[in-house]
Amino acid sequence: MSEYLGKRDPSGYYVLVFKSSILGKLKNIEDLSGIETYGDSIIVRVKSRSLAKKLIEEYMEYLVK
């Protein structure tokens, strides 16, 4: 899991990259700081480490390495 979590970006967010097919599921999560769509990928920024871990565990099959 640590290969997906990594370090925080300079602004203090954990950055996760998912396949765009997950967009509908992520829209229902309130604590996401930002969702950006780039082609067939979605960039998710999260402040909370525990939320980032939860997203990785729950949506592992949608993660882009």
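To start, this report covers the structure provided alongside it. (Residues numbered from 1 in each chain as written. Predicted model: local features only at pLDDT ≥ 70, side-chain atom pairs only at ≥ 80, totals over all residues. Heavy atoms only, no water.)

1. Quick look at the overall build of the chain
Filter applied, for reference: Every helix listed is a DSSP run of H or I at least four residues long, and every strand listed is a run of E at least two residues long, numbered separately from the N terminus. C-alpha atoms define the radius of gyration in this analysis, and the globule rule sets the expected value at 2.2 Å times the number of residues to the power 0.38. Buried residues are those whose accessible area, probed at 1.4 Å on protein chains only, stays under 20% of the maximum for their type, while exposed residues exceed 50% and partly exposed ones sit between those limits. A contact between two residues is defined here by any heavy atoms of the two lying within 4.5 Å. Calculation of accessible area relied on Shrake-Rupley with a 1.4 Å probe; when residues are assessed, cover is drawn exclusively from the protein chains displayed. This count recognises Lys and Arg as positive and Asp and Glu as negative, with His and chain-terminal groups excluded. Charged groups are reduced to one reference atom each: NZ for lysine, CZ for arginine, CG for aspartic acid, CD for glutamic acid.
Counting its secondary structure elements, the chain contains three helices and three strands. Starting at the N terminus and ending at the C terminus, the chain contains elements arranged as α-β-α-β-β-α. Relative to a compact globule of 65 residues, whose C-alpha radius of gyration would be 11 Å, the chain shows 11 Å and is just as compact. Taking all 65 residues of the chain together, the buried fraction comes to 32%. Long-range pairs, those at least 24 residues apart, make up 57% of the contacts in the chain between residues at least 6 apart in sequence. Accessible surface, the chain as shown: approximately 4200 Å² in total, 47% of it carbon and sulfur. Taken as two groups, the 11 positive and 9 negative side-chain charges of the chain have centres that lie 5 Å from each other.

2. A few points about the packing of aromatic side chains
Applicable threshold: Aromatic contacts are taken between Phe, Tyr and Trp rings whose centres are within 6.5 Å, Trp giving its six-membered ring; a plane angle under 30 degrees counts as stacked, one over 60 as edge-to-face, and the others as tilted. Cation placement over rings: the criterion is NZ of Lys or CZ of Arg within 6 Å of the ring centroid and within 35° of the ring normal.
Summed over all chains, the structure comprises one aromatic pair. Over the ring of Tyr13 we find Lys47, and its NZ or CZ is 4.5 Å from the ring centre.

3. A few points about the pairing of strand 2 (residues 34-38)
Note the cut-off: Any two strands between which DSSP finds at least two bridges are classified as paired.
Of the pairings in the sheet, the one linking strand 2 to strand 3 (residues 41-46) comprises five bridges and is antiparallel in character. Opposite Glu36, over in strand 3, you have Ile43 as the bridge partner. Once strand 2 ends, the chain turns through two residues before running back antiparallel as strand 3, passing Gly39 with a positive phi of about 60°.

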